[in-house]
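# Observations on the three-dimensional arrangement
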Amino acid sequence: MASDAPAPGATGRPRLAVYKLASCDGCQLTLLDCEDELLHIADRVHVAHFTEMTSLSDTSEPFDVTLVEGSVTTAEQREHVRHIRASTKLLVTIGACATAGGVQALRNWRDASEMLRVVYARPEYIDALATSTPISDHVKVDFELRGCPIDKRQLLELLTALLTGRKPAIRDESVCMECKRAGNVCVMVARDEPCLGPITHAGCGALCPSYDRGCYGCFGPHEAANARALGTWLREAGAPAAEVKRRLRLFTGWSPAFREESERHDEG
Amino acid sequence: MTRDDAGEVEERTFAVDLLTRVEGEGAFTLKVAGGEVVDARLKIFEAPRFFEAFLRERSMHEVIDVVARICGICPIAYQMSAARALERALGVEPTAPLLALRRLIYCGEWIESHALHVFMLHAPDFLGYPSAVEMAADHRALVERGLRMKKTGNALIELLGGRAIHPVSPRIGGFSKAPSRRRLRELRDDLARSVDEARETVRWAATLDAPSFDVDYTFVSLSGERGYPLESGETILVSGRAPVALDDWGDASPEMQVPHSTALHARLADGTAFLCGPMARLHHHAERLHPAAAEVMAEVGLERSVTNPYRSIVVRAVELVHAFAEALDLVEAYEEPEAPYVDAAPRAAVGCGATEAPRGLLWHRYELDAEGLVRDARIVPPTSQNQARIEEDLVALAPTLLALPHEEATHRCEQLIRAYDPCISCATHFLDLRIEREGV
Ligand code: SF4
């Protein structure tokens, strides 16, 4: 339905912005890694703000689509994300940091002031919140792209869909489904490798199993993920509680499904 | 200080509140009063992420996956420095074919990162555009060439590592899976074409106008047994001084916290600011360059000790030739290893490891317990080492700025900072500082 497409800005092209919060830049780099498509994208959309790519910043009118990478870890970022929300029609969060708090959410289980001391001798110079949280905890988000980093094909599909006003064809299913389509032999069966594939959102193309290792869950849980069943299974297969907990708490550990299950294996 | 009655003491401030076309978030201020620099700061306000803190109590096998997330542009550098440090702690050495594969994937990262910097981040400064996209309107072929080279680098990483950003196969002792000879050889044509395109890039970069500005640098680079410094090395070379053993680097270049940055500053123990990265590598190791790179370097008349940071773009282009040419050689010579990795049993130990990230020396140190859990981690990234040097360059640059129009002077500072290819996410191990924004 063309009527759902964002109304073009003054340049006649939809206005795109890219912002970052606490992150590694990998998800926004995914856009620059679209080597074959980048110049075509730039022909069709007006990149109005994207500091890693351009010195131009045109914030004179609202953006049509804004991609935000990174999690909220400081009071300033909390304000910033509200400001971003107010200046865009569609807000898309990209990557594990933005959608689940990212690897830096590991601090959420620890005493933040102790964390500060480990890295900085003079923590009083620093302002950081005790937690790293996804953007959807703070403002309304229109679409989430998963992954650490996001997948290039999914990003292109999403941008195309938003620009033409159709629904993005991004399936909510597990990595196991992608593994089957890729014709992989299951690593849990063949190699006794613990794998988070059964509970992890598809999108990477079953990368880890294709490279002979278990999935580490960087796309976070899919909708119907039964983390409890997998946690129980891993324990019965002989993994100690501490290990199951660690595996669940990595790049998307703060997502509700992984968090709850990891806490079940918390031995105090 | 302000302008006095006679107008003799004039204060000028050059500043940019948010640096663009760099990785991560930073700003700078350069304040000059009465011809004297009163303040020069590269301000890094990227929010810290505390990697060293949460690496504690993770399994040694998770370290390589975790540290990749410090930086999306140079994840392999983090993975490789961690792998070296952990292997040295555990007393294992990957087999020769596996070490060759490490060099190969690392070549891919240099290509991807250098091509990004040369064409998309830095070239627009020289040609006068806000970005590579606007530049492409007038220089389409140039930008397309850059993108093509970058894509070839990424294709190499994708084949070896599964994906270009945060590859999944690197592990302690090697890789989870090694590529087949057939798949690898499919890359030969692209690599061969890219060697030529990289040579063209050197010729083009050598024609760019660089402001005249020279600095007496202390160059710091890794040195090892295998060729141009990349994926391993046991000694750190410091120009004009004695080499430093890898294990001693943490003490030789202590990191300090400064109030205006969430990144720690490293200097030599006597306070000297030093430079690491492409210019330092070339200074120490020009004779180890691949012949293809050495030839084109001679052709354009580039000296081994480049002391003008604005010309780092030429050095990066020379390293692009090297990375493509070495990658092609490695692909030609590749034999599938018997096993993709060498097994390593956990033990209580300490290990240091360093590699040359695209931006310079990246040093790691880990302490493991008997179960293989991390007890302590320390990471010294290139940009925190270059930060003090960037500030001193700004000070040295100041006298040449006063006669320029304000905008041009400010741009020249920004261009200087960009010439270092700072990687701010890397430098910020780390925390958010309140930034005092001086009113301009
Ligand atoms: S989700 Fe992963 S790749 Fe993306 S910004 Fe965060 S750490 Fe980087």
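Values in this document were obtained by computation on a predicted structure and should not be read as measured data. (Residues numbered from 1 in each chain as written. Chains lettered and ligands numbered in written order. Predicted model: local features only at pLDDT ≥ 70, side-chain atom pairs only at ≥ 80, totals over all residues.)

Right, let's talk about the overall build of chain A for a bit. Secondary structure assignment for chain A yields 12 helices and five strands. Taking all 268 residues of chain A together, the buried fraction comes to 54%. In chain A, the proportion of contacts linking residues at least 24 apart, taken out of those at least 6 apart, comes to 72%. (Helix = DSSP H or I, 4+ residues; strand = E, 2+ residues; numbered from the N terminus. Buried ≥ 20, exposed ≤ 12 C-beta atoms within 10 Å, placed from the backbone. Contact = placed C-beta atoms within 7 Å.)

Bringing unusual backbone geometry into the picture now. The peptide bond linking A:Cys148 to A:Pro149 adopts the cis configuration, its omega dihedral lying at 5°. Relative to the helices and strands, A:Pro149 resides in the loop between strand S5 (143-145) and helix H6 (152-164). With a phi close to 60°, A:Asp212 is a non-glycine residue in the positive phi region. Residue placement: A:Asp212 occurs in the loop between helix H9 (207-210) and helix H10 (227-236). For A:Asp212, a count of 20 C-beta atoms within 10 Å puts it in the buried group. Here the phi dihedral of B:Glu57 falls at roughly 75°; this positive angle occurs in a residue that is not glycine. Mapped onto the secondary structure, B:Glu57 falls in the loop between helix H1 (51-55) and helix H2 (60-68). By C-beta crowding, B:Glu57 is classed as exposed, having 12 other C-beta atoms within 10 Å.

We now examine the nonpolar core. Membership of the largest hydrophobic core comes to 212 residues, with the highest contact counts inside it found for B:Val63, B:Leu86, B:Val220, B:Val318, B:Val321, B:Phe324 and B:Ala327. Excluding its chain neighbours within four sequence positions, the residues that come into contact with B:Val318 are B:Val202, B:Leu282, B:Ala293, B:Val296, B:Met297 and B:Leu302. (Core = buried A, V, L, I, M, F, W, Y, C linked by C-beta atoms within 7 Å.)

Let us look at helix H4 (residues 96-127) of chain B. All names here are of chain B. Spanning 32 residues, H4 covers 44 Å between terminal C-alpha atoms, matching the ideal 46 Å at 1.5 Å per step. Along H4, the helix axis deviates most sharply at His 117, where the bend reaches about 35°. The buried fraction of H4 is high, at 25 of 32 residues. Once H4 ends, the next one or two residues include Gly 128, with phi positive near 80°. (Expected span 1.5 Å × (residues − 1). Bend = angle between axes of the 7 residues up to and from the residue.)

The next point concerns the pairing of strand S6 (residues 219-223) of chain B. Residues and elements named next belong to chain B. Within S6, four of the five residues are buried, which leaves it mostly tucked inside the rest of the structure. Here four bridges tie S6 to strand S7 (residues 235-238), and the two strands are oriented antiparallel to one another. By the bridge assignment, Ser 221 is partnered in S7 with Leu 237. (Pairing = 2+ DSSP bridges.)

Okay, the site of the ligand next. Neighbouring residues of the ligand: 16 residues in total, closest A:Gly26, A:Gly95, A:Cys97, A:Cys148 and A:Pro149. Residues lining the ligand come from chains A and B. The class makeup of the residues in the shell around the ligand is seven nonpolar, seven polar and two charged. (Near = placed C-beta within 6 Å. Nonpolar A, V, L, I, M, F, W, Y, C, P; charged D, E, K, R; others polar.)

Let's shift gears to the pairing of strand S4 (residues 88-94) of chain A. All names here are of chain A. Among the seven residues of S4, five are classified as buried, and the element is accordingly described as predominantly covered. Pairing between strand S3 (residues 63-69) and S4: six bridges, direction parallel. What sits directly across from Thr 66, in S4, is Leu 91. Since S3 and S4 lie parallel, the crossover through helix H3 (residues 75-86) that links them has a hand, and here it is right-handed. Bridging between S4 and S5 involves three bridges; their strand directions are parallel. Paired with Ile 94 across the bridge in S5 is Leu 145. (Right-handed = clockwise from strand over helix to strand, strands pointing away.)

Our next topic: the sheet that holds strand S11 (residues 275-276) of chain B. Residues and elements named next belong to chain B. In spatial order, the strands read S8-S7-S6-S11; together these four strands make up an open sheet with mixed pairing. Sheet topology places strand S8 (244-245) and S11 at the edges, where each strand pairs with a single neighbour. Most of the contacts of helix H10 (residues 278-285) go to S6, to which it runs at about 65°, and overall it touches S6, S7 and S11. (Axes fitted to C-alpha atoms, helices over the stretch in contact; angles between N-to-C directions.)

Residue and element names in this part refer to chain B. Spatially, S12-S13-S14 is the arrangement adopted by the three strands of the open sheet, whose pairing is antiparallel. Each of the sheet's edge strands pairs with one partner strand only, and the pair in question is strand S12 (349-357) and strand S14 (374-380). Averaged over all pairs of adjacent strands, the angle between their axes in this sheet comes to 15°, without regard to strand direction. As judged from the six bridges shared by strand S13 (residues 360-368) and S14, these two strands associate in the antiparallel manner. Bridge pairing in S14 places His 364 opposite Ile 379. The strands touched by helix H13 (residues 382-401) within the sheet are S12, S13 and S14, with S13 carrying the most contacts at an inclination of about 130°.

Residues and elements named next belong to chain A. Taken domain by domain, chain A consists of domain 1 (15-164) and domain 2 (175-264). If you average the C-alpha positions of domain 1 and of domain 2, the two centres end up 25 Å apart. Facing 14 residues of domain 1, the contacting portion of domain 2 comprises 13 residues. It is helix H4 (residues 95-100) that provides the largest number of residues to the side of domain 1 that touches domain 2, a total of three residues. (Domains from an automatic or database assignment.)

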